[in-house]
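Summary of the model geometry
Residue strings, one per chain:
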Amino acid sequence: MARDYDPVQGKWYEDLEENEVFKVLSVDPDQELVEVQYENGDIEEIDLDTWHELDLELSQEPEGWANDDEEEEEEEEDDEDEDDWDEDDDDWDDDEDEDLDDDDDDYNDRDDA
């Protein structure tokens, strides 16, 4: 007997017949489509009639699952950290440039002599 769960975006389900775990990415009631992503990363659209024929159980997020959105957020945080470092580096370069200019003049004087 099929368990009839309505698809909810962001929820995880297990297809008991296929022994597959997937997450609902989106639900489009106008087109009657459910977009799902399987544990292996594959994405598929399922029509609502097929959805209601599936023998589903609510499931937990698989261990070690890395959501693309979470990965993008981590990358953005890393980029921000690098930007902060670059800003500090720029300040350091400004102070150093003044000293280098003096050294460059001495060096150029030697070449002219």
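Residues numbered from 1 in each chain as written. Predicted model: local features only at pLDDT ≥ 70, side-chain atom pairs only at ≥ 80, totals over all residues. Heavy atoms only, no water.

Re the overall build of the protein
Per the secondary structure count, the protein includes two helices and five strands. Start at the N end of the protein and walk to the C end: the helices and strands fall as β-β-β-β-α-β-α. The buried share of the protein, reckoned over its 113 residues, is 19%. Taking all contacts inside the protein whose residues are at least 6 apart in sequence as the whole, residues at least 24 apart take part in 43%. For the protein, the accessible area works out to roughly 8,900 Å², and carbon and sulfur atoms hold 36% of it. (Helix = DSSP H or I, 4+ residues; strand = E, 2+ residues; numbered from the N terminus. Buried < 20%, exposed > 50% of the residue type's maximum accessible area, 1.4 Å probe, protein only. Contact = heavy atoms within 4.5 Å. Areas by Shrake-Rupley, 256 points an atom, 1.4 Å probe, with all protein chains shown as cover.)

Examining the pairing of strand E4 (residues 43-47)
Bridge count for strand E3 (residues 33-38) against E4 is five bridges, and the pairing is antiparallel. Bridge pairing in E4 places Gln37 opposite Ile43. As consecutive antiparallel partners, E3 and E4 are separated by four residues, and within that stretch Gly41 has a phi angle of approximately 100°, a positive value. (Pairing = 2+ DSSP bridges.)

Quick word on the nonpolar core
For soluble globular proteins, the rule of thumb is that nonpolar side chains tend to be buried together. Of all hydrophobic cores here, the largest spans 11 residues; its members are Tyr13, Phe22, Val24, Val34, Val36, Tyr38, Ile46, Leu48, Trp51, Leu54 and Leu56. The set of elements that each furnish at least two residues to this core consists of strand E2 (20-28), E3 and helix H1 (48-53). A per-element tally of this core places E3 first, with three residues. (Core = buried A, V, L, I, M, F, W, Y, C linked by side-chain atoms within 4.5 Å.)

Points about unusual backbone geometry
Phi at Asn19 takes a positive value of approximately 55°, unusual for a residue other than glycine. Unusually for a residue other than glycine, Glu32 sits at a positive phi of about 55°. Within the secondary structure layout, Glu32 lies in the loop between E2 and E3. Taking the relative accessible area as the measure of exposure, Glu32 reaches 43% and is therefore partly exposed.

Some remarks on the packing of aromatic side chains
Summed over all chains, the structure comprises five aromatic pairs. Relative to Tyr38, the ring of Phe22 has its centre 5.7 Å away and its plane inclined at 65°; by these criteria the two rings are edge-to-face. Of this pair, Phe22 sits in strand E2 while Tyr38 sits in strand E3, placing them 16 residues apart in sequence. With respect to burial, Phe22 and Tyr38 carry one shared label: buried. Centre to centre, the rings of Phe22 and Trp51 are 5.8 Å apart; their planes meet at 75°, and the pair counts as edge-to-face. On the criterion of sequence distance, the pair formed by Phe22 in strand E2 and Trp51 in helix H1 is long-range, its members being 29 residues apart. Across the pair, exposure class does not vary: Phe22 and Trp51 are buried alike. Each residue in the set Tyr5, Tyr13, Phe22, Tyr38 and Trp51 is aromatic and connected to the rest through ring pairs, giving one cluster. (Phe/Tyr/Trp six-rings, centres within 6.5 Å; stacked < 30°, edge-to-face > 60°.)

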